[in-house]
Structure formats: C-alpha cells, structure tokens
Amino acid sequence: MAILILDDDPDVALAARLLLQRRFGPVRLLQQPEDLAPALDSGDVELLLLDMNFLPGRTDGAQGLELLQRALAHSPELPVIVMTAYAEVNLAVAALKAGAFDFVTKPWDNAKLCATVAAALARRAPQGGAGQPSTLLGEAPAMRELRALIQSVAPTEANVLVLGEMGSGKELVAREIHAWSKRSGETFLAVDLGALSETTLESELFGHKRGSFTDARQERPGRFQAAAGGTLFLDEVANLPLAGQAKLLTVLERREVTPLGADRALPVDVRIVSATNLDEAALFDPQRFRPDLLYRLNTIVLRVPPLRERREDIPLLARHYLAAYAQQYGKPLRDCSAAAWQALQANDWPGNVRALRHACERAVILGQGAQLEAADFGLSAATMLAPAAAATSSAGPSLSLHEREREALDEALRQAEGNISQAARLLGLSRAALYRRMEKHGL
C-alpha cells in the first residue's frame, strides 16, 4: 500500500514525498491527471494527496474537483486530502463538501501535514458508527467507560470538552464523537488553536472579506463556515489568549460569525468539541481561562486516561501498531521477547499512546532478531533509569547528548505546560523542529 500524490509541480511533490515517506512508507508521485485512474485501478493506494489546479493560469480548481469526484466514485472509502494555495480556501471548502477528508494549504507546515495524513490513514479503519467497532483501543475499565460515555453523548448536540495529556488520543475521541453523532455524514474539521497567532486568529476562525487587511486579496471563509453542518474540533483551546477567548465566546453565544471586513454576521451551525492538555485545576484560573467560556465548552467533560494508568492495554495497543507497521513497511510480523513485554509495560510513557506508536514503528524498522527486544523500542535506557541513576550518583551526571536533549525537551514542555509553540520558543526551535525532536524521543 502507498500514499499517492498527484501534483503537476515536481518540486512540491518531491518535497511532500521526502517528508511523508520517512514516516508513512512508500509514496508514489503523479504529475498528469489522466494517470490517476490507472493508479487507482492498481488497488494499492491507501491515501490520495490531490492538487486542485493543473492548467496554467487557472485557480478555480474545477479540474481538481472533478478528479476528486472521480477518485471517490472509484474508491468511496479512499481518504483524499486536497492541497490548495493560501488564497484558495473557498475551493478547499467546496472539496470538503464533495467528500475530501481534509485540506492543507501551500506552503504547508510539516507537522500539520503529517498530522493530517496520520488522521486520514487512521480513518481507513472502521470508525465508531452504529454497528462498527470503536477506533479507541483498550479494554481497561477507564477505556470501556470512556467509550460508553461517547456513545451516550455523541447523538446529542451538547458541547464536549476533552481533557488529557499530550499523545493520549484526544483527537481520536473527538472523531469518535463525530462518527457516532447525527452529523457523521458531514464535515469533521480540526483546528489547532495553539498554532494560530493573535493576528491570524479571527481570519482563520471567522474568515475575511477581500481588502479587509493588507494581504486579503480574496474573500476567505473561516473554519466555522467550513465545518457548517458538521463538527468543529478546537484543539489546544486553553492556548488561546484571553482576547481570543472573548471572541470565541461571542460566536458560541450568538451562533454567528462576522468575517473581518464584513458588515453583517453569518449564522453558523456546528457541533463544538474542544480539547486541552492543561491541568484541569488550571482551567478554573480566571487569569488563564475565562470562566464563562469554560461553561460554554464543558457541558460534557470527557477525560482520556494516560497510558500509565491503563498499563493492561499496552500489549493490545503494541500488537495493533506492530501489525500495522509491519504491513506498511513490508516487514515480517514478530512477537516481543518476555523482557521486551516487561519493559513496555514498566515504562511510564510520558508521551502516552503517541509515544508507544512511535516506539513500535521504530522497533519494526530497526529490529533484526527473531523477536523484538526492549532496545528495538528504544526502551533500554528508560527501563533502567532508576538503576542507572543510582549507579551514576557517585560517578557524576551522565554526559549523553541524547539524554541531555530529552531532558531539555521535557523541561521546556513542562514549563510551557504542553504548549508546543511556547516550548519551541523556550528552546529556540521552530514548531516543526520541536515536533521532529519529540518524535525522535517518543514524547
């Protein structure tokens, strides 16, 4: 199985391929629209990234929309991510309505593109609609309770606030709510509020009219309009500055948005699911989060347990990811040694399920023996942390660059309380560079 990229710009396509193949496996490139049908006939395409304009000087996306419709007619379950220029969000909204999974704007943010692709690939598994298995794996009592709550809450229109640590699966919970809801046939759109600056917040969320500010060359709908009729997932909602919180509150109270430069408000019909990794007690600090907005968002609160509190689920999750990555990379499916299973369950997994997934990917790629060992998962140091600390207390601190880098990441994320943008600033890194280092260390 492979990811297929159809884009007539070879430089753009190559950049996407180099980024995605490191994490997701084989990526095939096409430049000519007429080559799409034969590629789909091969039956080995698991995801399509589709440019929307192929004719010189054309920006209406008509050809891209036609190709999208053909692709979905050929393979209705195929997730399609459309790629548009910044000023073509109107076109992206049309693509979402036509059945695209999501869209990315060019030039893209690497972390955002990878996250969108990962979410699209995850959706190829059965989603949690009626009669279908849940995508939230785990048989621990806390996970059984969480799935039961989702199935009770999802058919309502109540706003839901999802709480949980980084990597615990908050977006999966949001998608599960959408899949079980009466809006499941409409758009699910996720927006990372932590990635929006104060200057672009209103434009991104509420849209703008042409000429409303210097670079507003075309009218652009916001995320609220793009998700009309469906579910809008507001991730990292606690990272909004207080001024942004006030604007969001106004929209939720009035159920309407006023695009920048517009002289009248537009009604919006969306289900709001929000999430944060902020400590629950900190949410009630009025210096951090407006109480009136909190009351709007937390009609229902769902708490996603950290992996260390459901260690009995680790073997189930690990087997799932090991099988998935073995298939993706064409590797043999191998079991873990007894010591490896012990190490997996002994680890605290500060990066939660995301970190476990990355560790399984590493093991599939690097493991050479008949069985996978703890070192294949990068766990030898983690599982021997306490003995090593005791052994080195008299010999002085470790000078391992790998360990020092991880410690710096941990400390920055702790100081920033999980805010990726703030942690990146503390470390003097870009968000993309921080994401790469977090993946490297399984955070």
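Here's what I pulled together on the structure shown here. Small disclaimer: the values here were computed from a predicted structure and weren't measured.

### Side note on empty space enclosed by the protein
The gaps of empty space that remain are located by a probe, the size of a water molecule, rolled over the atoms.
Inference 1: This structure, assessed with the given rule, holds one cavity of 30 Å³ or more.
Inference 2: What the largest cavity holds in volume is close to 40 Å³.
Inference 3: For the largest cavity, the full set of lining residues is Leu322, Ala326, Pro332, Leu333, Arg334, Val364 and Leu372.
Inference 4: Counted by class, the lining of the largest cavity contains six nonpolar, no polar and one charged residues.

### Quick word on the sheet that holds strand 3 (residues 45-51)
Inference 1: With parallel pairing, five strands are arranged side by side in an open sheet as 2-1-3-4-5. The open sheet terminates on both sides in strands that have one partner only, identified here as strand 2 (27-30) and strand 5 (102-106). On average, adjacent strands in this sheet sit at an angle of 20° to one another, irrespective of strand direction.
Inference 2: Alignment of strand 3 against strand 4 (residues 80-85), held across four bridges, turns out to be parallel. Bridged to leucine 48 within strand 4 is valine 80.
Inference 3: Of the strands in this sheet, strand 1 (2-6), strand 2, strand 3 and strand 5 are in contact with helix 1 (residues 10-24), which crosses strand 2 at around 165°.
Inference 4: Its contacts with the sheet put helix 3 (residues 62-74) on strand 1, strand 3 and strand 4, and the angle it makes with strand 3 is roughly 165°.

### Looking at the environment of aspartate 44
Inference 1: With respect to the element layout, aspartate 44 can be found in the loop between helix 2 (36-41) and strand 3.
Inference 2: Between the C-alpha atoms of aspartate 44 and alanine 2, which are 42 residues apart in sequence, the distance is 6.1 Å.
Inference 3: Residues contacting aspartate 44, with those up to four places away along its chain left out, are Met1, Ala2, Arg28 and Ala39.
Inference 4: One polar contact links aspartate 44 to serine 42, side chain to side chain, over a distance of 2.6 Å.

### Points about the packing of aromatic side chains
Inference 1: A full pass over the atoms with the stated rule returns three aromatic pairs.
Inference 2: Taking the centre distance of 6.2 Å and the plane angle of 25° together, the rings of phenylalanine 188 and phenylalanine 233 count as stacked. Taken together, the residues span a long stretch of sequence, with phenylalanine 188 in strand 7 (residues 188-192) and phenylalanine 233 in strand 10 (residues 231-235) at a distance of 45 residues. For the pair formed by phenylalanine 188 and phenylalanine 233, the shared burial category is buried.

### Some remarks on the nonpolar core
Inference 1: Leu48, Leu50, Phe224 and Leu232 are the most contacted members of the largest nonpolar core, which totals 57 residues.
Inference 2: In terms of residue count, the dominant contributor to this core is helix 4 (residues 89-97) (five residues).
Inference 3: Apart from residues no more than four positions distant in its own chain, leucine 50 is found in contact with Leu6, Gly64, Leu67, Leu68, Val80, Ile81, Val82 and Met83.
Inference 4: The next biggest cluster of nonpolar side chains, apart from the first, holds 24 residues, and it includes Ile314, Leu322, Tyr325 and Val353.

### Points about a nonpolar patch on the surface
Inference 1: There is a patch of nonpolar side chains on the surface, built from Leu14, Leu18 and Leu29 and spanning about 230 Å² of accessible area.
Inference 2: Here leucine 18 falls in the partly exposed class, since its relative accessible area comes to 43%.

### Some words on the pattern of salt bridges
Inference 1: As enumerated under the stated definition, the model contains 15 salt bridges in all.
Inference 2: A salt bridge links arginine 144 to glutamate 139, with the shortest nitrogen-to-oxygen separation between them at 2.7 Å.
Inference 3: In this structure arginine 144 comes out as partly exposed when scored by relative accessible area, which is 48%.
Inference 4: The partner of arginine 310 in a salt bridge is aspartate 313, and the shortest N-O contact between them spans 2.9 Å. Both residues of the pair, arginine 310 and aspartate 313, count as buried.
Inference 5: One salt-bridge network, in which partners are shared between bridges, spans Asp7, Asp51 and Lys106.

What counts as what
- Residues numbered from 1 in each chain as written.
- Predicted model: local features only at pLDDT ≥ 70, side-chain atom pairs only at ≥ 80, totals over all residues.
- Heavy atoms only, no water.
- 1 Å grid on protein atoms, 1.4 Å probe; cavity = no way out; pocket = protein on both sides within 12 Å on 5 of 7 lines; lining within 4 Å.
- Points joined across faces, edges and corners; volume = space filled by probe spheres on them.
- Nonpolar A, V, L, I, M, F, W, Y, C, P; charged D, E, K, R; others polar.
- Pairing = 2+ DSSP bridges.
- Helix = DSSP H or I, 4+ residues; strand = E, 2+ residues; numbered from the N terminus.
- Axes fitted to C-alpha atoms, helices over the stretch in contact; angles between N-to-C directions.
- Contact = heavy atoms within 4.5 Å.
- Polar contact = N/O pair within 3.5 Å; in protein donor to acceptor, adjacent residues only side chain to side chain.
- Phe/Tyr/Trp six-rings, centres within 6.5 Å; stacked < 30°, edge-to-face > 60°.
- Buried < 20%, exposed > 50% of the residue type's maximum accessible area, 1.4 Å probe, protein only.
- Core = buried A, V, L, I, M, F, W, Y, C linked by side-chain atoms within 4.5 Å.
- Patch = residues over 30% accessible without salt bridge, like charges linked within 9 Å, V, L, I, M, F, W, Y side chains within 5 Å.
- Areas by Shrake-Rupley, 256 points an atom, 1.4 Å probe, with all protein chains shown as cover.
- Salt bridge = Lys/Arg side-chain N within 4 Å of Asp/Glu carboxyl O.

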